[in-house]
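These are the residues of each chain, in order.
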Amino acid sequence: LTNNGSGAYQSVSAEYAKELKAPEISGLDALLFNASVTWAKREVSNNSYYEDSFEDDYIYYKGKSYSKAGFNVVTGNMDIPVRIQAGLSSSWLDEALKVDVNANYNLAYTAALITSDTISIDGKQHAIYDDFDFKSLLTFDLAASYEVYKKDDVGLSFNVRVENLFDQ
């Protein structure tokens with residue numbers, strides 16, 4: 001059995017990492033710089049004969065009606081095309097404390113977003129989606145881990161991770 005669906009994913013990444021000479025700061029063990037750039041493109045299709053058989057949620061986008069499953073095919077082709085990342089990792093106090101800071105830069109792209117409007121087609125209520133142009137965006141992430149206990153292969157660590165630190 002087949003729904004004659006297809007998919008293709010292409011990406012190219014370049015990564016760089018370098019251990020830096022740690023400055024003379026009390027407790028600082030090591031510093032590591034890393035950076036990467038990724039370009040990605042995804043294309044999927046879904047010609048399923050059953051995709052809206054059991055659907056309750058419908059979407060209206062660019063003059064067409066979609067089930068949620070069918071719409072996922074459309075939005076699956078709208079990924080962020082280029083991402084750039086740079087980070088600094090540090091270890092402290094004989095590697096008991098690790099702190100990472102990352103900067104992430106997404107280049108501008110277009111995505112489909114829900115509007116506040118709805119439309120009825122063939123007696124089925126549809127949420128209306130429209131294209132939205134996202135501007136380039138710079139975000140920062142912070143991660144920290146503190147190992148409070150370690151004996152042989154047993155340890156206890158506390159971990160904190162904040163993505164999009166400044167709520168961009």
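Residues numbered from 1 in each chain as written. Predicted model: local features only at pLDDT ≥ 70, side-chain atom pairs only at ≥ 80, totals over all residues. Heavy atoms only, no water.

*Asks:* Please clarify how the side chain of N34 should be interpreted in this entry.
*Replies:* Within the secondary structure, N34 is located in strand β2 (residues 28-45). For N34, a relative accessible area of 17% gives the class buried. Among the polar contacts listed, one links the side chain of N34 to the side chain of Q85, at a separation of 3.0 Å. Once you skip the residues sitting within four places of it in the chain, N34 turns out to touch Y16, A17, Q85, A86, G87, S89 and N102. (Helix = DSSP H or I, 4+ residues; strand = E, 2+ residues; numbered from the N terminus. Buried < 20%, exposed > 50% of the residue type's maximum accessible area, 1.4 Å probe, protein only. Polar contact = N/O pair within 3.5 Å; in protein donor to acceptor, adjacent residues only side chain to side chain. Contact = heavy atoms within 4.5 Å.)

*Asks:* Honestly, unusual backbone geometry in this entry has me stumped. Any pointers?
*Replies:* Keep in mind that most residues, glycine aside, have a negative phi and that most peptide bonds are trans. One non-glycine residue, K62, lies in the positive phi region at around 50°. Looking at where K62 falls in the secondary structure, it is placed in the loop between β3 (58-61) and β4 (64-67).

*Asks:* In this structure, what is going on with the sheet that holds β4? I would like to understand it.
*Replies:* Strands belonging to one sheet form pairs held by backbone hydrogen bonds; the direction of such a pair is parallel or antiparallel. Ordered in space as β4-β3-β8-β7, the 4 strands form an open sheet in which the pairing is mixed. Only two strands of the sheet have a single partner each, and these edge strands are β4 and β7 (109-121). Direction aside, neighbouring strands of the sheet carry axes that sit 35° apart on average. Running over the sheet, helix α1 (residues 68-75) touches β3, β4, β7 and β8 (124-134) and is turned about 110° from β4. (Pairing = 2+ DSSP bridges. Axes fitted to C-alpha atoms, helices over the stretch in contact; angles between N-to-C directions.)

*Asks:* Looking at this structure, how should I read the pattern of salt bridges?
*Replies:* Should their charged atoms come close, side chains of opposite charge can pair. By the definition in use, this model includes 3 salt bridges. The closest approach of N and O atoms between D57 and K68, which form a salt bridge, is 3.7 Å. Of this pair, D57 sits in the loop between β2 and β3 while K68 sits in helix α1, and the two are 11 residues apart along the sequence. By relative accessible area, which is 40% here, D57 ends up partly exposed. Residue K62 is joined to D131 by a salt bridge in which the shortest nitrogen-to-oxygen separation is 3.2 Å. Linking K62 in the loop between β3 and β4 with D131 in strand β8, this pair joins segments that are 69 residues apart in sequence. Judged by relative accessible area, which is 61%, K62 ranks as exposed. (Salt bridge = Lys/Arg side-chain N within 4 Å of Asp/Glu carboxyl O.)

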